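Each chain, letter by letter, is given below.
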Amino acid sequence: MRPLFITGASRSGTSMTAGLFHAHGLWFGECMRASRINPKGFFETQFIKQRWITKSDEEKSILWSEWLAENYAPSQWAVKAGPEWWPVFRQFDPVVVCCYRGRQAIYESRKRAGFKVSMGPIDAAWRKMGQIPETVDVYPDQFTKGDFSAILPAFEALEVEFDHKAASEWVDPSLWRG
């Protein structure tokens, strides 16, 4: 079984996408708590956020492997991280889901969330995402319309049966601003 790597520019729907996989039983480990900007949760592993700033990609890969073992992670785990983390996780041969959203919509969402408002981080993320081979590209705004067709190849690659009802119950269109 392959793990899952979800990535995208911040505020592009990565949390909603990660939540879809979590609703289907994928393990993310202990994650950041929900907040006003993501009331259903972020699905970002606490371990990544806390300890890795000064480490090399090789050191990060080793630490991640150790963390998986220490936390009794199942063979099929998932992680959500920015595209700059791809060099750390590529060794695990994950299924990769890249989340896209319109530049202006990301910009506005970042502004509402209190993030630095600049197009630079969005463009940088997209450049890095373009360097990742064999991705499943999704547009999470489609999920709010009940269209999950773009994400189905990722579920197939993971050998996880897609449950439309579970996906529909997870996605809350009222939390999404286009």
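Refer to the preceding data block for the structure.
Residue numbering note: each chain is counted from 1, following its sequence as written. Only residues with pLDDT of 70 or above have their local features reported here, since the model is predicted, and side-chain atom pairs are shown and tallied only from 80 upward, although totals for entire chains, interfaces and linings are computed over all residues. Side-chain descriptors were evaluated using all non-hydrogen atoms of the structure, hydrogens and water having been removed beforehand.

By definition here, a salt bridge exists when the distance from a side-chain nitrogen of Lys or Arg to a carboxyl oxygen of Asp or Glu is within 4 Å. Throughout the structure, instances matching the rule amount to 4 salt bridges. The salt bridge involving R103 is made with D123; its shortest N-O contact spans 2.9 Å. Here the residue R103 occupies a position in helix α5 (residues 103-113), and D123 occupies one in helix α6 (residues 120-129), the gap between them amounting to 20 residues. Note on R103: relative accessible area 34%, which makes it partly exposed. In this structure, K165 and E169 form a salt bridge, with 3.8 Å as the shortest nitrogen-oxygen distance. In this pair, K165 and E169 are both assigned in helix α8 (residues 164-170), 4 residues apart and thus about one turn of the helix distant. Helix and strand definitions follow DSSP, with helices as H or I runs of at least four residues and strands as E runs of at least two, each counted in order from the N terminus. Relative accessibility decides the category of a residue: with a 1.4 Å probe and only protein chains considered, values under 20% of the type maximum give buried, values over 50% give exposed, and everything between is partly exposed.

Before going further, it helps to examine α6. When we look at burial in α6, the residues that qualify are I122, A125 and M129. Along the axis of α6, the buried residues cluster in a sector spanning 65 degrees; they form a single face. The arc in question is the one traced by the directions running from the helix axis out to the C-beta atoms.

L4, F21, F28, V97 and I151 are the most contacted members of the largest nonpolar core, which has 27 residues in total. Those elements that place two or more of their residues in this core are β1 (4-8), α1 (14-22), β3 (95-99), β4 (135-138), α7 (152-158) and α8. With 4 residues, α1 is the largest single contributor of residues to this core. Excluding its chain neighbours within four sequence positions, the residues that come into contact with L4 are F21, L26, W77, A78, V79, P94, V95, V97 and L158. In this description, a nonpolar core means a group of buried Ala, Val, Leu, Ile, Met, Phe, Trp, Tyr and Cys residues linked to one another through side-chain atoms lying within 4.5 Å. W86, C98, M129 and I132 belong to the second-largest nonpolar core, a separate cluster that totals 22 residues. In what follows, a contact means two residues having at least one pair of non-hydrogen atoms within 4.5 Å.

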